[in-house]
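# Structure assessment
Each chain is listed here by its residues.
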Amino acid sequence: MISAWESGERDASDPYRSLLCEAYGQSADQLGLDGGTDRARSDIGLVYSASLNQAASTLGDLSRFDEMKHTAVILGKYAPEALNAACLDWLFGTATMDIASEGKPVTAYDVDEIRAMTTTFDGLDRKFGGEHCRMMAVRYLRERVLPQVRAPKPEKVEREVFSATAVLCELVGWMAYDTSRHSLAQRYFTQALRFAEAAGDRAYASYVLTSMADQALYLGRPDQALRLAQVARDASLRAGAPVVMTEASVFEARAYAAQGDEAGCRAALSRAEESFGRIAPQDGPDWAKHWGDVLFASHAGTCWIDLGRPKEARPLMQAVWDSGKDQARRRVYAASQLARVALLDGDIEEATVLGTTAIESAGGLTSHRSQQQLKQLRQRLVPHARHAAVKEFEQRADILLAS
């Protein structure tokens, strides 16, 4: 019965309702067993709600079912058609600020706390990968942040609360993406988009679209990534946000490169470089502090690798490697990409050395994206399986990945 309810296959009427409450140690209301609405809808979180009150309720349900590991939410399928609909609703829909106030008033100090906690979660994610701290962030979102979304507050603080909620939502979505929970990531990204709109922050909403583009690119959908990046670029122009313009343009370039369109890639990189030069880090928002030379080099270098241009790619990816001493995920990515550069140059031995370095850098890291990069690297070495260096690499890789 529990597995059938968790998967959304059936409702939980008495006596099962009472048994579920006992099994989870929570009330019927906490489990969503209120009048037959206990099933997690397959589209929960995928819809961009015009009503902010509905969006808050949706985010509460989504985070609750996520924390419960409800399979209808955790194991849902990535839905590009829902993504397109959410973007259209954001661009052309009418958003309403109809949320009711209840509870203790929110202060600027509360907003500072949310931002500080988000920064902590972000640091843990970058150092160890999304698996380590995602559920802590989800619980904090549900138990601490959402009550403040509904609490009374002055207009300026209200905007700040919605903005902080959007940033935390995007981070939780990113952590889900990093651990291959792609449908779940899509749901949090959609809600981050809605709360960014509630905050009146079109720049951050555009930034959320670039996260969606990143995910689409990773899932082998460069055409969709291109559309999302272009929408983000156009919106960032209107918002006057050079950091978002830069990120949108580099993902546009990445999408063109993935499709083998060198002319499109070059034009997009040129736009990215121009807007990158207008970024003033000291004046930018906290959520953009990670943007700098290294991130630009990472994206540009990947473009040149995808286009088969190792000469242009090598110095860029080397700069990424040199900067990644305290970020295991970055080191795995840089070493894997440098191995691709070596393969493009025909240097099999260098590729295997770099491949070994990538695997060693992944020790203790829970990032599925990093694991996928290692798998892809091993696949690229398959045509050279008879080479002595590749045989030695495979033996070393089996030992390292098994430990």
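Presented here is an overview of the structure given in this document. This one's a predicted model, so the numbers in the text were calculated from it and none came from an experiment. (Residues numbered from 1 in each chain as written. Predicted model: local features only at pLDDT ≥ 70, side-chain atom pairs only at ≥ 80, totals over all residues. Heavy atoms only, no water.)

## A look at the environment of Ala79
Position of Ala79 relative to the elements: it lies in the loop between helix H4 (71-74) and helix H5 (80-92). Each C-alpha atom, one on Ala79 and one on Arg187, is 9.6 Å from the other, the two residues being 108 residues apart in sequence. If we skip the residues at most four places from it in the chain, Ala79 touches Leu46 and Gln186. (Helix = DSSP H or I, 4+ residues; strand = E, 2+ residues; numbered from the N terminus. Contact = heavy atoms within 4.5 Å.)

## A closer look at the side chain of Thr179
Structurally, the position occupied by Thr179 is in the loop between helix H8 (155-178) and helix H9 (182-198). Residue Thr179 is classed as buried on the basis of its relative accessible area of 3%. At a separation of 3.1 Å, a polar atom in the side chain of Thr179 contacts the main-chain carbonyl oxygen of Ala176. Those residues within four positions of Thr179 in sequence are excluded, and the remaining contacts are Gly130, Glu131, Thr366 and His368. (Buried < 20%, exposed > 50% of the residue type's maximum accessible area, 1.4 Å probe, protein only. Polar contact = N/O pair within 3.5 Å; in protein donor to acceptor, adjacent residues only side chain to side chain.)

## Regarding the packing of aromatic side chains
Under the definition given, this model contains nine aromatic pairs. An angle of 45° between the planes, with centres 5.0 Å apart, marks the rings of Tyr207 and Trp287 as tilted. Pair noted here: Tyr207 is in helix H10 (residues 202-218) and Trp287 is in the loop between helix H13 (262-276) and helix H14 (293-306), with a separation of 80 residues, a long-range link. We classify Tyr207 as buried; its relative accessible area is 9%. Here a set of aromatic residues connected by ring pairs shows up, and it is made of Trp174, Tyr177 and Tyr218. Sitting over the face of the ring of Phe65, Arg64 holds its NZ or CZ atom 4.8 Å from the ring centroid. Above the plane of the ring of Trp90 lies Arg202, whose end atom (NZ or CZ) is 4.3 Å from the centre. (Phe/Tyr/Trp six-rings, centres within 6.5 Å; stacked < 30°, edge-to-face > 60°. Lys NZ or Arg CZ within 6 Å of the ring centre and 35° of its normal.)

## Quick word on the side chain of Ser49
As for its position among the elements, Ser49 is in the loop between helix H2 (16-24) and helix H3 (52-67). Apart from the residues lying within four places of it in its own chain, the contact partners of Ser49 are Gln54, Ala55, Thr58 and Arg194.

## Some remarks on the pattern of salt bridges
With the rule as written, the count across this model stands at 26 salt bridges. Here Arg309 makes a salt bridge to Glu312, at a shortest N to O gap of 2.7 Å. Owing to a relative accessible area of 26%, Glu312 belongs among the partly exposed residues under this scheme. (Salt bridge = Lys/Arg side-chain N within 4 Å of Asp/Glu carboxyl O.)

## Points about the packing of helix H12 (residues 242-258) against H14
Two numbers describe how H12 lies on H14: the axes approach to 8 Å, and their chain directions differ by 15°. The orientation of H12 relative to H14 falls into the category roughly parallel. In the crossing of H12 with H14, the sense of the turn from one axis to the other is left-handed. Of H14, the residues touching H12 (which contributes Thr246, Val250, Phe251, Ala253, Arg254 and Ala257) are Phe296, His299, Thr302, Cys303 and Asp306. Its residues assigned to classes, the contact of H12 with H14 shows six nonpolar, three polar and two charged. (Axes fitted to C-alpha atoms, helices over the stretch in contact; angles between N-to-C directions. Parallel < 35°, antiparallel > 145°, perpendicular 65-115°, else oblique. Left-handed = near helix turned anticlockwise from the far one by under 90°. Nonpolar A, V, L, I, M, F, W, Y, C, P; charged D, E, K, R; others polar.)

## Notes on the nonpolar core
With 124 residues, the main nonpolar core has Val149, Phe162 and Phe195 as its most contacted residues. At 14 residues, H8 tops the list of elements feeding residues into this core. Those residues within four positions of Val149 in sequence are excluded, and the remaining contacts are Ala56, Ile99, Val161, Phe162, Thr165 and Phe195. (Core = buried A, V, L, I, M, F, W, Y, C linked by side-chain atoms within 4.5 Å.)

Any link to function would need more than the numbers given here.
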